[in-house]
Amino acid sequence: MRKASADPRLRIGVSGANAARAEAIAAHFCEEGATAIISVGVSGGLDPALAPGDLVIGQSVVTAAGETFSCDTALMGTLPNRRGQPITPSIIYGANEVILEANDKKDIFAKTGATSVDMESHGAARAAQGGGAAFLAIRAIADPADRTLPSAALNAVNKDGSTKVFSTLVNAARDPGQFPALLQLGQDSSNALSTLSGNLGGLLGALFLRGDLV
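Here the structure is a predicted model, which is why all the values come from computation and not from measurement.

So, how was this worked out
- Residues numbered from 1 in each chain as written.
- Predicted model: local features only at pLDDT ≥ 70, side-chain atom pairs only at ≥ 80, totals over all residues.
- Heavy atoms only, no water.
- Helix = DSSP H or I, 4+ residues; strand = E, 2+ residues; numbered from the N terminus.
- Buried < 20%, exposed > 50% of the residue type's maximum accessible area, 1.4 Å probe, protein only.
- Contact = heavy atoms within 4.5 Å.
- Areas by Shrake-Rupley, 256 points an atom, 1.4 Å probe, with all protein chains shown as cover.
- Patch = residues over 30% accessible without salt bridge, like charges linked within 9 Å, V, L, I, M, F, W, Y side chains within 5 Å.
- Salt bridge = Lys/Arg side-chain N within 4 Å of Asp/Glu carboxyl O.
- Lys, Arg positive; Asp, Glu negative; His and termini not counted.
- Charge placed at Lys NZ, Arg CZ, Asp CG, Glu CD.
- Core = buried A, V, L, I, M, F, W, Y, C linked by side-chain atoms within 4.5 Å.
- Arc of directions from axis to C-beta.
- Expected span 1.5 Å × (residues − 1).
- Polar contact = N/O pair within 3.5 Å; in protein donor to acceptor, adjacent residues only side chain to side chain.
- Pairing = 2+ DSSP bridges.
- Right-handed = clockwise from strand over helix to strand, strands pointing away.

Caption draft 1: Examining the overall build of the protein chain more closely. Tallying secondary structure elements over the protein chain gives 5 helices and 8 strands in all. Along the protein chain, from the amino end to the carboxyl end, the secondary structure elements read β-β-α-β-β-β-β-α-β-α-β-α-α. Burial statistics for the protein chain: of 214 residues in total, 43% are counted as buried. Nonlocal contacts in the protein chain, meaning residues at least 24 apart in sequence, comprise 75% of its contacts between residues at least 6 apart. Of the roughly 10,700 Å² that the protein chain leaves accessible, carbon and sulfur atoms contribute 54%.

Caption draft 2: Here's a closer look at a negative patch on the surface. A cluster of acidic residues, Glu97, Glu101, Asp104 and Asp107, forms a negative patch at the surface. For Asp107, the location among the structural elements is in helix α2 (residues 102-112).

Caption draft 3: Representation of the nonpolar core. Of all hydrophobic cores here, the largest spans 29 residues; its most connected members are Ile37, Phe135 and Leu136. Elements represented by at least two residues in this core include exactly α1 (19-31), β4 (55-63), α3 (121-131), β8 (134-143) and α5 (179-208). Per element, the largest residue contribution to this core is 8 residues, and it comes from β8. With sequence-adjacent residues up to four places away left out, Ile37 is seen in contact with Ala26, Phe29, Cys30, Ala124, Ala128, Ala133, Ala134, Phe135 and Leu136.

Caption draft 4: Representation of α2 in the model. The set of residues buried in α2 consists of Ala102, Lys105 and Ile108. Each buried residue of α2 sits inside an arc of 120° when the element is viewed along its axis, so together they form one side. In this structure, α2 carries Asn103, Lys106, Ala110 and Lys111 as exposed residues pointing more than 90 degrees from its buried face. On the buried face of α2, the contacting elements are β3 (36-45), β6 (90-94) and β8. Phi turns positive one or two residues past the end of α2, at Gly113, with a value near 75°.

Caption draft 5: Representation of the pattern of salt bridges within the structure. The final tally for this structure, using the stated rule, is 5 salt bridges. With a closest N to O distance of 2.5 Å, Glu120 and Arg139 form a salt bridge. Separated by 19 residues along the polypeptide, Glu120 in the loop between β7 (116-118) and α3 and Arg139 in strand β8 bring together distant segments of the chain. Judged by relative accessible area, which is 0%, Arg139 ranks as buried. Within the structure, one salt-bridge network assembled from shared partners comprises Glu23, Glu67 and Arg126.

Caption draft 6: Structural view of α1. Spanning 13 residues, α1 covers 18 Å between terminal C-alpha atoms, matching the ideal 18 Å at 1.5 Å per step. Taken residue by residue, α1 has Ala19, Ala22, Ile25, Ala26, Phe29 and Cys30 as its buried positions. In an axial view of α1, the angular spread of the buried residues amounts to 140°, which keeps them on one side of the axis. Away from the buried face of α1 by more than 90 degrees, exposed residues Ala20 and Glu31 are located. Of the residues that open α1, the one with a side-chain oxygen 3.0 Å from the backbone nitrogen of Ala20 is Asn18.

Caption draft 7: Local environment of the pairing of β6. Counting buried positions along β6 yields 4 of 5 residues, so the element is predominantly enclosed. Across 3 bridges, β6 lies against β7 in parallel orientation. For Gly94, the partnering residue across the bridge sits in β7 and is Asp118. Regarding the hand of the β-α-β motif, the stretch spanning β6, α2 and β7 is right-handed.

This is how it looks when you write it as structure tokens:
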């Protein structure tokens, strides 16, 4: 889904947790002449050192299929996270399905060195590469590496990125023991979104000062 923006230089696309939709939206933007594609959202932690709310800037995006998409070094900034520490660019793992199990997160971290995982960045990165646009991924951690997600979190996100509240609660009601984990995930996701809202404006403002992006 594409949205209009008050700034004619900026286009916003909402893909939800779906690489194919992210790729289609980004490809359309490239066809319209976009010079940069920036993937923004929450992600799961793979590096045990990362906590909910921490900010990650992609150095590259890798996939299970062996693809590697490099992020544009000129787009990388150094942003303070909520602890006031600089952000080190790192590898992001692009998954086509939700990684629920903590052991699976551990395995991906060991095999790829990726510090976080999401389901959109690799689609957007693939389109940017095909369209000759610069690419950058900015993610905030919504769940730590050592936490197994409740199964009710599967398919909990609509196409527009919103949460399917009713259906998620119905699924959890079949196994009420999931409610504490769902509440914790909601709180941590809120922290991640707060990190994005507190840092994203400054980064985008700096990017628009670059003459080749306007």
